[in-house]
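Coordinates in review
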Amino acid sequence: MAGVVWRGDFETGDRSQYSGAQMVSADRLQVVSSPVAEGRYALKATVKQGDDPINSSGNRNELVYQGHEAVGSEYYYRWKVMFAPDFPSVRTWQIFTQWHHDGSSGSPPVQFYVYGEELRLTMSDTLTPWSMPLTRGVWHEFIFHVKWSPDPKVGFIELWHNGEKVLPQRNVATTYAGMGIYLKLGLYRSDTVTQTGVVYHDGFTMATRLEDVLPPPPPPPPPAPDAGTPDAGTPDAGTSAPGDSAPGSETTPPGGSPGTVDPGAGSPSDTGSAVKATQYGCSTGGGPLAAVALLGLFGVLRLRRQR
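Residues numbered from 1 in each chain as written. Predicted model: local features only at pLDDT ≥ 70, side-chain atom pairs only at ≥ 80, totals over all residues. Heavy atoms only, no water.

Describing the overall build of the protein
- On a plain count of helices and strands, the protein comes out with two helices and 15 strands.
- A burial count over the protein gives 38% of its 307 residues as buried.
- A sequence separation of at least 24 residues applies to 61% of the contacts in the protein between residues at least 6 apart.
- For the protein, the exposed area adds up to about 17000 Å²; of that, 54% sits on carbon and sulfur atoms. (Helix = DSSP H or I, 4+ residues; strand = E, 2+ residues; numbered from the N terminus. Buried < 20%, exposed > 50% of the residue type's maximum accessible area, 1.4 Å probe, protein only. Contact = heavy atoms within 4.5 Å. Areas by Shrake-Rupley, 256 points an atom, 1.4 Å probe, with all protein chains shown as cover.)

Following this line, the structure appears as structure tokens:
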């Protein structure tokens, strides 16, 4: 796609799409085949108390991507995150995605994190324009639209969660003056958290257009059966099923033929029986028409004898 700038979706089966990693050991940032949100692979990020690969504040294991976004540039970022069922519930910060500044100290200008039982987006550690309840064991899809600028009148953010726009476009400073930014993905948290934390990431895509980060549409439904082709399991409108009579058709008695009238059947109308016989080319039988014909013949013979 023309608008896609970079993919960090782990479909290479390793971490090679990223610029580097900050981890205490390889098992803390594992590319796994299950669970996944899409494709074949996802990242499993694990942090235990004491994990401090860069001798800094907090505990972390994170991937780094140097995207070199320039001041004034505008991008869409899409990725999916799932928190393990036992993800810690603590009233302190646990960052799972951040855009960090070049400086070595201070809070990042953009951070997505968990606090207690909430998901939050915070800008420069001073403004929290969005939050929602945390749910574990399900995939959360984020689309983050941002214009990078230290000027709050120029920079802006916009956010979708699971296909729903949850934060309309809002002007805010998105970088610090004179500093660049870079992406960090994984888990970074307060060193006061004692429980092991596990979070999964998948499908990260960076693009210049919204349509290039949207998930592919679902496959179309199978075509409906042709209206002109009868269903093999349903009798055609003009075909009688075994044991049934099609509307307006005659019923053939067992062992009989369509033109045969059972003289003892007790039909409601003898006239109807005679008509039925005539239709199939039969003029003999015990019906009243035959009797009338015989009487007429006898009358002719009697007249001849009298003459």
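Looking at the confidence of the model for the protein
- This prediction gives the protein a mean pLDDT of 82; 73% of its residues lie at or above 70.
- Here residues 288–295 scores under 50 on pLDDT; set against residues more than four positions off or in separate chains, the count is two contacts.
- Counted against residues more than four places away or in other chains, residues 303–307, with its pLDDT under 50, gives zero contacts. (pLDDT = per-residue confidence, 0-100.)

What to know about the packing of aromatic side chains
- This model, assessed by the stated rule, comprises 24 aromatic pairs.
- Considering the side-chain rings of W6 and Y65, the 3.6 Å spacing of their centres and the 5° angle between planes classify their relative orientation as stacked. Here W6, found in strand β1 (residues 4–8), pairs with Y65, found in strand β5 (residues 59–65); they are 59 residues apart in sequence, far enough to count as distant.
- Judged by relative accessible area, W6 falls into the buried class, the value being 9%.
- In this structure, R60 is placed above the aromatic ring of Y188, and the distance from its NZ or CZ to the ring centre is 3.8 Å. (Phe/Tyr/Trp six-rings, centres within 6.5 Å; stacked < 30°, edge-to-face > 60°. Lys NZ or Arg CZ within 6 Å of the ring centre and 35° of its normal.)

Points about the pattern of salt bridges
- Applying the stated criterion across every chain yields a total of 13 salt bridges.
- In this structure, the salt-bridge partner of D27 is R28, at a minimum N-O distance of 3.3 Å.
- Among the residues examined, D27 registers a relative accessible area of 39% and is labelled partly exposed.
- The exposure class assigned to R28 is buried, which follows from its relative accessible area of 12%.
- For E211, the salt bridge goes to R209, with nearest N and O atoms at 3.8 Å. (Salt bridge = Lys/Arg side-chain N within 4 Å of Asp/Glu carboxyl O.)

So, the sheet that holds strand β2 (residues 20–22)
- The seven strands lie next to each other as β2-β5-β14-β7-β8-β9-β10, forming an open sheet whose pairing is antiparallel. Every other strand in the sheet has two partners, leaving β2 and β10 (127–133) as the edge strands with one partner each. In this sheet, adjacent strand axes meet at a mean angle of 15° when their direction is disregarded.
- In the sheet, strand β7 (residues 93–101) pairs with strand β14 (residues 181–189) via seven bridges, with the strands oriented antiparallel. When the sheet's bridge partners are listed, Q98 is paired in β14 with K184. (Pairing = 2+ DSSP bridges. Axes fitted to C-alpha atoms, helices over the stretch in contact; angles between N-to-C directions.)

As for the nonpolar core
- Y77, W79, W99, F112, L121 and F144 are the most contacted members of the largest nonpolar core, which totals 40 residues.
- By residue number, the principal contributor to this core is strand β6 (residues 74–83), which donates five residues.
- With near-sequence residues (within four places) excluded, Y77 lies in contact with E69, W99, F142, I143, F144, V146, W148, F204, T205 and M206.
- Among the nonpolar cores identified, the runner-up in size contains six residues, and V4, Y76, I143 and V213 belong to it. (Core = buried A, V, L, I, M, F, W, Y, C linked by side-chain atoms within 4.5 Å.)

Here we look at the environment of T174
- Note on placement: T174 falls in the loop between β13 (164–171) and β14.
- For the pair formed by T174 and G155, sequence separation is 19 residues and the distance between their alpha carbons is 5.9 Å.
- Setting aside its immediate chain neighbours within four residues, T174 contacts P109, V110, M123, V146, K147, W148, S149, G155, F156 and I157.
- A distance of 2.8 Å separates the side chain of T174 from the backbone oxygen of K147, its partner in a polar contact.
- Here S149 takes part through its backbone nitrogen, which lies 2.7 Å from a polar atom of the side chain of T174. (Polar contact = N/O pair within 3.5 Å; in protein donor to acceptor, adjacent residues only side chain to side chain.)

Overview of the environment of V32
- The topology assignment puts V32 in strand β3 (residues 29–32).
- Through-space distance from the C-alpha of V32 to that of A42 is 5.5 Å; in sequence the pair is ten residues apart.
- In contact with V32, other than residues within four places in its own chain, are R40, Y41, A42 and K44.

Focus: the side chain of Q98
- Along the chain, the position of Q98 falls in strand β7.
- Side-chain polar atoms of Q98 contact the side chain of E62, separated by 2.9 Å.

Notes on the side chain of D202
- If you trace the backbone, D202 turns up in strand β15 (residues 197–207).
- Buried charge without a partner: D202 forms no salt bridge, and the closest opposite charge is K80, 7.1 Å away.
- A polar side-chain atom of D202 sits 2.9 Å from the main-chain amide nitrogen of A37.
- Non-local contacts of D202, meaning those with residues more than four positions away in its chain, are made with D9, V36, A37, E38, Y41, A42, W79, K80 and W139. (Lys, Arg positive; Asp, Glu negative; His and termini not counted.)

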